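Examination of the molecular architecture
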Amino acid sequence: MIETPSLVDQYCHGVLRTELGLGTFEAHLGRGEGPPAPGTTFFDTQTGFAVRRWCPPLLGLEPHCPPARYLARRRELGVLESGRRLLRGSGITTYLVDTGLPGDLTGPGEMASTGDADAHEIVRLELLAEQVADTSGTVDSFLANLAESVHAAAANAVAFTSVAGVRRSLALAPEPPGPGEVRGAEGRWLARRQVGGALQDPVLLRHLLWIAVASGRPLQLQAGAGDPQGYFGGFARATAGLGTDLVLLHGYPYHRNAADLAGVFPHVYADLGPALVRTGARAAAVLAEILELAPFGKLLFSSGAHGLPELHVVGARLFGEALGRVLGGWVTEGAWSLPDAQRVAGLVAAGNARRVYGLSDG
Amino acid sequence: MIETPSLVDQYCHGVLRTELGLGTFEAHLGRGEGPPAPGTTFFDTQTGFAVRRWCPPLLGLEPHCPPARYLARRRELGVLESGRRLLRGSGITTYLVDTGLPGDLTGPGEMASTGDADAHEIVRLELLAEQVADTSGTVDSFLANLAESVHAAAANAVAFTSVAGVRRSLALAPEPPGPGEVRGAEGRWLARRQVGGALQDPVLLRHLLWIAVASGRPLQLQAGAGDPQGYFGGFARATAGLGTDLVLLHGYPYHRNAADLAGVFPHVYADLGPALVRTGARAAAVLAEILELAPFGKLLFSSGAHGLPELHVVGARLFGEALGRVLGGWVTEGAWSLPDAQRVAGLVAAGNARRVYGLSDG
Amino acid sequence: MIETPSLVDQYCHGVLRTELGLGTFEAHLGRGEGPPAPGTTFFDTQTGFAVRRWCPPLLGLEPHCPPARYLARRRELGVLESGRRLLRGSGITTYLVDTGLPGDLTGPGEMASTGDADAHEIVRLELLAEQVADTSGTVDSFLANLAESVHAAAANAVAFTSVAGVRRSLALAPEPPGPGEVRGAEGRWLARRQVGGALQDPVLLRHLLWIAVASGRPLQLQAGAGDPQGYFGGFARATAGLGTDLVLLHGYPYHRNAADLAGVFPHVYADLGPALVRTGARAAAVLAEILELAPFGKLLFSSGAHGLPELHVVGARLFGEALGRVLGGWVTEGAWSLPDAQRVAGLVAAGNARRVYGLSDG
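Being a predicted model, the structure only gives us computed values, none of them experimental.

1. A few points about the side chain of Asp201(C)
Residues and elements named next belong to chain C. Along the polypeptide, Asp201 turns up in the loop between helix 9 (179–192) and helix 10 (202–215). Notably, Asp201 is buried but unbridged: the nearest opposite-charge side chain belongs to Arg188, and the N-O separation is 5.0 Å. Here Val203 takes part through its backbone nitrogen, which lies 2.9 Å from a polar atom of the side chain of Asp201.

2. Structural notes on the relation of the copies chain A and chain C
Overlay of chain A on chain C (RMSD 0.0 Å): rotation 120°, translation along the axis 0.0 Å. Each copy turns onto its partner about a three-fold axis. When each C-alpha of chain A is compared by its distance to the rotation axis, Asp227(A) comes out closest, at 5.3 Å. The fraction of interface residues of chain A whose copies in chain C are also interface residues is only 7%, indicating that the copies meet through different surfaces.

3. Focus on the nonpolar core
Note that soluble globular proteins tend to have their nonpolar side chains buried in a common cluster. Phe25(C), Tyr70(C), Tyr95(C), Phe319(C), Leu327(C) and Trp336(C) are the most contacted members of the largest nonpolar core, which has 73 residues in total. With 12 residues, the top contributor of residues to this core is helix 15 (residues 309–333) of chain C. Beyond its immediate sequence surroundings of up to four residues, Trp336(C) is in contact with Gln46(A), Phe49(A), His64(A), Ala281(A), Phe296(C), Leu327(C), Trp330(C), Val331(C), Ala341(C) and Val344(C). Listed in part, the 72 residues of the second largest apolar core include Ile290(B), Leu291(B), Ala294(B) and Ala345(B).

4. Digging into unusual backbone geometry
Cis geometry is adopted by the peptide bond preceding Pro253(A), which originates at Tyr252(A) and carries an omega value of -5°. Among the structural elements, Pro253(A) can be located in the loop between strand 6 (246–249) and helix 12 (255–264). A positive phi angle is found at His64(B), which is not glycine, with a value near 65°. One can find His64(B) in the loop between helix 2 (46–54) and helix 3 (67–77). For His64(B), a relative accessible area of 15% translates into the label buried.

5. Looking at the packing of aromatic side chains
Within a pair of aromatic rings, the relevant descriptors are the distance that separates the centres and the angle that separates the planes. Under the definition given, this model contains 27 aromatic pairs over all chains. Every member of this aromatic cluster is reached through a ring pair, and the members are Phe49(A), Phe296(C), Trp330(C) and Trp336(C). The ring of Tyr269(B) is capped by Lys298(B), whose NZ or CZ atom sits 5.0 Å from the centre of that ring.

6. Description of the interface of chain B and chain C
Each partner contributes residues to the interface: chain B has 33 residues there, and chain C has 29 residues. When chain B packs against chain C, close to 2,600 Å² is buried across both sides, 50% of that on carbon and sulfur atoms. Taken together, the links from chain B to chain C amount to six salt bridges. Put simply, Glu333(B) and Arg325(C) hold a salt bridge, and the shortest N to O gap is 3.2 Å. The interface formed by chain B and chain C contains 16 residue pairs in polar contact (both at pLDDT 80 or more). If you list the elements that add at least two residues to the side of chain B that touches chain C, you get helix 11 (228–239), helix 12 (255–264), helix 14 (283–293), helix 15 (309–333) and helix 16 (338–357) of chain B. A total of six residues in the side of chain B that touches chain C trace back to one element, the largest contributor, which is helix 12 of chain B. Broken down by class, the residue content of the side of chain B that touches chain C amounts to 16 nonpolar, six polar and 11 charged.

7. Here we look at the confidence of the model for chain A
Per-residue pLDDT for chain A averages 94, and the proportion of residues at 70 or more is 99%. Scored by ipTM, the complex comes to 0.95, with pTM at 0.96.

8. Focus on the interface of chain A and chain C
Listed by partner, the interface residues are 29 residues for chain A and 33 residues for chain C. Note on chain A versus chain C: buried area summed over both sides is about 2,600 Å², and carbon and sulfur give 50% of it. The tally of links between chain A and chain C comes to six salt bridges. Note that Arg256(C) is salt-bridged to Glu289(A), the shortest N-O span being 2.9 Å. Where chain A meets chain C, there are 17 residue pairs in polar contact (both at pLDDT 80 or more). Residue assignment for the side of chain A that touches chain C shows that the elements contributing at least two residues are helix 2 (46–54), helix 13 (273–279) and helix 14 (283–293) of chain A. Take the side of chain A that touches chain C: its biggest share by element is four residues, from helix 2 of chain A. Its residues assigned to classes, the side of chain A that touches chain C shows 10 nonpolar, 10 polar and nine charged.

9. Some details on the packing of helix 11 (residues 228–239) of chain C against helix 12 (residues 255–264) of chain C
Residues and elements named next belong to chain C. At a minimum axis distance of 10 Å, the contact between helix 11 and helix 12 shows a crossing angle of 20°. As far as their axial angle goes, helix 12 and helix 11 are roughly parallel. Considering only the axes of helix 11 and helix 12, their crossing is right-handed. From helix 11, Pro228, Gln229 and Phe232 reach across to helix 12, where they touch Asn257, Ala258 and Leu261. Residues belonging to the contact of helix 11 with helix 12 are distributed by class as follows: four nonpolar, two polar and no charged.

10. Examining the environment of Pro36(B)
All names here are of chain B. Tracing the backbone through its elements, the reader meets Pro36 in the loop between helix 1 (22–27) and helix 2. Overall, Pro36 belongs to the partly exposed group, its relative accessible area being 25%. Once the C-alpha coordinates of Pro36 and Pro56 are considered, the two residues, 20 residues apart in sequence, prove to be 23 Å apart. With near-sequence residues (within four places) excluded, Pro36 lies in contact with Glu26, Thr41 and Phe42.

11. Regarding the sheet that holds strand 2 (residues 94–98) of chain A
All names here are of chain A. Taken together, eight strands build an open sheet; the order of strands is 1-2-3-4-5-6-7-8 and the sheet is parallel. Across the chains shown, the open sheet's two edge strands, defined by having one partner strand only, are strand 1 (8–12) and strand 8 (299–300). Strand direction decides the pairing type here: strand 1 and strand 2, joined by three bridges, are parallel. Within strand 2, the residue paired with Cys12 across the bridge is Val97.

12. Observations regarding helix 15 (residues 309–333) of chain A
Residue and element names in this part refer to chain A. With 25 residues, helix 15 ought to run about 36 Å at 1.5 Å a step, and its terminal C-alpha atoms sit 36 Å apart, in line with that. Counted residue by residue, helix 15 has 18 buried out of 25 residues, so it is predominantly covered. Looking one or two places after helix 15, you find Gly334, whose phi comes out positive at around 85°.

13. Observations regarding the sheet that holds strand 6 (residues 246–249) of chain C
Residues and elements named next belong to chain C. A sheet is described by the order of its strands in space; here eight strands give the open sequence 1-2-3-4-5-6-7-8, paired in parallel fashion. Each edge of the open sheet is held by one strand with a lone partner, namely strand 1 (8–12) and strand 8 (299–300). Bridge count for strand 2 (residues 94–98) against strand 3 (residues 118–124) is five bridges, and the pairing is parallel. Paired with Asp98 across the bridge in strand 3 is Ile122. Docked against the sheet, helix 11 engages strand 5 (219–222), strand 6 and strand 7 (268–271), running at close to 170° with respect to strand 6.

14. Some remarks on the relation of the copies chain B and chain C
Here chain B sits on chain C after a turn of 120° about the axis and a move of 0.0 Å along it, with an RMSD of 0.0 Å. In this assembly the copies use different faces: only 6% of the residues contributing to the interface of chain B also contribute to that of chain C.

15. What about the pattern of salt bridges?
Taken as a whole, this structure holds 60 salt bridges over all chains when the rule is applied. Between Asp340(B) and Arg52(C) there is a salt bridge, with the nearest N and O atoms lying 2.8 Å from each other. One end of the pair, Asp340(B), is in helix 16; the other, Arg52(C), is in helix 2 (residues 46–54), on a second chain. A relative accessible area of 8% means that Arg52(C) is categorised as buried. Two residues, Arg84(C) and Glu81(C), come together in a salt bridge whose shortest N-O distance is 3.8 Å. Highlighted residues: Arg84(C) and Glu81(C), both in helix 4 (residues 79–89), separated by three residues, approximately one helical turn. Taking the relative accessible area as the measure of exposure, Arg84(C) reaches 37% and is therefore partly exposed. You can call Glu81(C) partly exposed: its relative accessible area is 26%. It is possible to trace a salt-bridge network through shared partners that takes in Asp44(A), Arg52(A), Asp340(C) and Arg343(C).

Rules used in this analysis
- Residues numbered from 1 in each chain as written.
- Chains lettered and ligands numbered in written order.
- Predicted model: local features only at pLDDT ≥ 70, side-chain atom pairs only at ≥ 80, totals over all residues.
- Heavy atoms only, no water.
- Helix = DSSP H or I, 4+ residues; strand = E, 2+ residues; numbered from the N terminus.
- Buried < 20%, exposed > 50% of the residue type's maximum accessible area, 1.4 Å probe, protein only.
- Lys, Arg positive; Asp, Glu negative; His and termini not counted.
- Salt bridge = Lys/Arg side-chain N within 4 Å of Asp/Glu carboxyl O.
- Polar contact = N/O pair within 3.5 Å; in protein donor to acceptor, adjacent residues only side chain to side chain.
- Least-squares fit on C-alpha atoms with pLDDT ≥ 70 in both.
- Contact = heavy atoms within 4.5 Å.
- Core = buried A, V, L, I, M, F, W, Y, C linked by side-chain atoms within 4.5 Å.
- Phe/Tyr/Trp six-rings, centres within 6.5 Å; stacked < 30°, edge-to-face > 60°.
- Lys NZ or Arg CZ within 6 Å of the ring centre and 35° of its normal.
- Buried area = accessible area lost by both parts, 1.4 Å probe.
- Nonpolar A, V, L, I, M, F, W, Y, C, P; charged D, E, K, R; others polar.
- pLDDT = per-residue confidence, 0-100.
- Axes fitted to C-alpha atoms, helices over the stretch in contact; angles between N-to-C directions.
- Parallel < 35°, antiparallel > 145°, perpendicular 65-115°, else oblique.
- Left-handed = near helix turned anticlockwise from the far one by under 90°.
- Pairing = 2+ DSSP bridges.
- Expected span 1.5 Å × (residues − 1).

Structure (structure tokens):
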């Protein structure tokens, strides 16, 4: 009844270019710090069950077939052909791809051609800063190059994202750090770091967030542990009215709090996706919770998928089914009208993302 | 199956006396710091959809009709007649009205006559203290007048409420501040403030809460951001056994935590209302969560409505429907007996509020 | 459709050996700091309603009969016979019994014979330390005896548990305290305490947890107030890879956060039980939330029951019914296959506990 013919995945990564064995595949289903516990497997998770539900039919197998059989069929088809079938079967029409993760992953261009879709790049701020540091000899040149580099990236990127240090850096203070503070932190970091070393200094991370805010491109911030009100509320207040949108990624289990913030601040948006991929058969229940407090113009679908095209499929299929079930249920009860439900489905699936990221209609 | 013939709205505000245009009406549907985001509207929220579901029929229109049509009909009837139809159609038989908000709002007397109901006043402590400060020249006279004023208000008011500083003031310490501490804070506040200036000093707010506790009237405390266990638990422990009831308002999304506290402390009660008005089609789901840990004698319905009689309607209708659906479902499953469900519905809708606030049977 | 023929209750207490009047029985239904509020009763809670649903039939009465009638029948049968009928009607086949609570409670042996089941002891660390302190004259002898005593207990106990100080002691630091720090804290505690005095010093509690970790037996930790990520995450990280499993007890309303931690750390497990006993008709909804992020091999059933065999019954019956309803629903929707659902039901009901605690197949 409720259709989402067009689907913008507003936050995902590329897929691996190499053939995968059972163990490597399984590792991508876990979220953890380490292997599965002895006697357990990451296939025994909502994500594992959802992959086994949605993906085998796209490769010509029965839903819920055993993992080993699925992996054998995947190898038989080859990584390219199975990736092609999976991505094209996902229903996603536009991918926004965070290119900041290591590994042999496809970029936006390859995602577009493999998936027969549009694709755009999301630039990860930490990685950009580390690349600038690798080629800047002094604090002065680093700071000048950094600002220039962010502004150059803004011309091509559809958004910026920051992951590692959001919670740590914003918990200290929401305002931009002063020039002296930034120079001091920068000097200490450059003196200590090896080429390729990761940026973790909270002052520099905060400086970086504020450069990105100045660029006007939407800024995606990965929610840290705990209630985002605690560390994100101050930043939202400090950036209100500046014209740059903030998108909170990955809020679960604080997705209701994230939705609340999207209702309070005009420039704050909430992401829907990974909560759905990770919760599988519970996707409709989690989606319904997010739909409590957030204005319907402030929610954005994403898969959050990384490495396996199966995760793009699962994200998209769970979302479509969950949205249809939740909104359809409200229409059946008389709580919503059908035209309203169809309009909201279109907004959350694609329309809001098109407006926020300035994408043309698919 | 489950009926709630009598409904005590244990926390609400009056309604605006002026005609409203589309923009002003819409602004009352938002919860935010600012206007709706560009390209969005506060009508696209659960509250907006719930207003369009429940209110048009009370003014002779189809449910879910477009906002502009609804507003035109509202103006056609006039603010008095539409308010009369809405409030009388809400099913609320008693209003407890917090009169502490600014604006051209109806008081308890007008709510009673317009809504053909009973109404009582809830006195907002901050406002009382500001009025006392406006007319007290010295610290000594302020402190004496404040205590007298709270006790005088207790004779007529059905409850006290405190909103602005609950979290900030109780987070520091739950106990009453010492006399020297109060005098110091008071002196600084009086010296700095202009006539009409708001009370925000955490020491004075805490002093005020403890004066209210001494009055014996139920004290309604607006939940702040975050888990109430953190800032409210200590105050609940410090006030246990003193004979004054505490009512936690507006707990969402920490409503389960608020219900938990109502189960742990004999004198703590939890409010149901605004979670329902704000979550609309999800009201039954949120209500069911509140009904997990709270003893059924510790929950109180409210609408939390402010400004628009539509919000009183939505609060009451969502509550009645949600309660019927949740309790009725448990009866159907065999988890509850029908007489138990009917008895609990009566408690939560009206009986608990009558007992806690000492109201006569409607 | 989904059966759980075997049920391991991985955390409970014994039952009272004395006849109970209405008031004493009611007191065991509350969770609070004090009696029920005036005009209310702890029978008007989800736990009270669940007891009235599940237990009267086991004593030959109608479900939902009035409390007084149930208590009269219970006295008529006698505490032994009613306990026998209740425990044997619960469906629990193995009890893991925390023997660390005061009161005239049955131990594991009596639970086994009364319930026609297996039973094993869980040793409460605080109590063990207090017993050692009662018989140790000096700091040196206490510290030596403590380590010896924990290791001796590990030979017979199926697990250790710590309740009182988990949050307070781990919030300070996750690592084991240094020897000087322990000696200092120990000296202060021994000097102050009376025979039988409770252990509350956070340094000693932390020392005790680390001795237990070294024993290799699973360690059950009672969740404190608030998000366990805050105080438990660091301890989970510090104990990763040491070969000792940690089981988080009683996470509600932070059960999703507990499930999340069980997904992140290979050696962390999450408990299901008391959330179900306390939430009654909502047990299926709460269980479904726990099943979102936790790998299915990391969840363990328990009743958390204490004092009343009715609570063992309610825990087991609610769990079985909730699990059947949740997993059965997913099978009906096509989200899970039936064999997968049956396998997961067996893991959560008994298989995971057998593996973690090294129990033989029932």
